[in-house]
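# Structure at a glance
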Amino acid sequence: MKILEYSIRRKAFKWLWLAALKGDAKAQYWLGFAFAEGIGQESSSTKAIQWWRKSADKGFNQAIAILKILEAETLPIGHSVSTPDESI
């Protein structure tokens, strides 16, 4: 059963990867989760964030939201998250 589950996850990862490479923002978002959770490949927070940024750059709201949450969790107290519109 585990072999079948692994095979299905690898196939899902492959299709997400192909769609993400073609620029599909939703696929890029979900590929970020695949990397974050280690679904279909080894876990990588760096790759997850890279794919979420690509998705966010295309305006995908869920990717924008997750990046803001991650930034808020890693910033020192007293600092704020700025968006490109807020920078000088």
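Our structure's up above, just so we're on the same page.
Rules behind the numbers
- Residues numbered from 1 in each chain as written.
- Predicted model: local features only at pLDDT ≥ 70, side-chain atom pairs only at ≥ 80, totals over all residues.
- Heavy atoms only, no water.
- Helix = DSSP H or I, 4+ residues; strand = E, 2+ residues; numbered from the N terminus.
- Buried < 20%, exposed > 50% of the residue type's maximum accessible area, 1.4 Å probe, protein only.
- Contact = heavy atoms within 4.5 Å.
- Areas by Shrake-Rupley, 256 points an atom, 1.4 Å probe, with all protein chains shown as cover.
- Phe/Tyr/Trp six-rings, centres within 6.5 Å; stacked < 30°, edge-to-face > 60°.
- Expected span 1.5 Å × (residues − 1).
- Polar contact = N/O pair within 3.5 Å; in protein donor to acceptor, adjacent residues only side chain to side chain.
- Patch = residues over 30% accessible without salt bridge, like charges linked within 9 Å, V, L, I, M, F, W, Y side chains within 5 Å.
- Salt bridge = Lys/Arg side-chain N within 4 Å of Asp/Glu carboxyl O.

### Here's the deal with the overall build of the protein
The helix and strand tally for the protein stands at four helices and zero strands. Starting at the N terminus and ending at the C terminus, the protein contains elements arranged as α-α-α-α. Going through the 88 residues of the protein one by one, you find that 25% of them count as buried. Taking the intrachain contacts of the protein between residues at least 6 apart in sequence as the baseline, contacts between residues at least 24 apart amount to 34%. Surface accessibility of the protein: about 6,700 Å² in total, with carbon and sulfur atoms responsible for 59%.

### Considering the packing of aromatic side chains
Counted according to the given criterion, the structure contains nine aromatic pairs. Considering the side-chain rings of Y29 and F33, the 5.2 Å spacing of their centres and the 80° angle between planes classify their relative orientation as edge-to-face. Placement of both Y29 and F33 in helix 2 (residues 25–37) is noted, with a separation of four residues, approximately one turn of the helix. Residue class for Y29 comes out buried when judged on its relative accessible area of 10%. With centroids separated by 5.6 Å and ring planes inclined at 40°, the aromatic side chains of W30 and F33 adopt a geometry described as tilted.

### Focus on helix 2
In a regular helix each residue adds 1.5 Å, so 13 residues correspond to 18 Å; helix 2 covers 19 Å between its end C-alpha atoms and thus fits that length. For helix 2, the complete set of buried residues consists of A25, A27, Q28, Y29, L31, G32, A34 and F35. Of the residues that open helix 2, the one with a side-chain oxygen 3.0 Å from the backbone nitrogen of K26 is D24. Looking one or two places after helix 2, you find G38, whose phi comes out positive at around 70°.

### Brief notes about the side chain of S55
Residue position: S55 is located in helix 3 (residues 45–57). For S55, a relative accessible area of 0% puts it in the buried group. Of note is the side chain of S55, whose polar atom sits 2.8 Å from the backbone oxygen of A25.

### A few points about a nonpolar patch on the surface
A cluster of nonpolar side chains, contributed by W15, W17, L18 and L21, occupies part of the molecular surface with about 430 Å² of accessible area. Inspection of the secondary structure puts L18 in helix 1 (residues 2–21).

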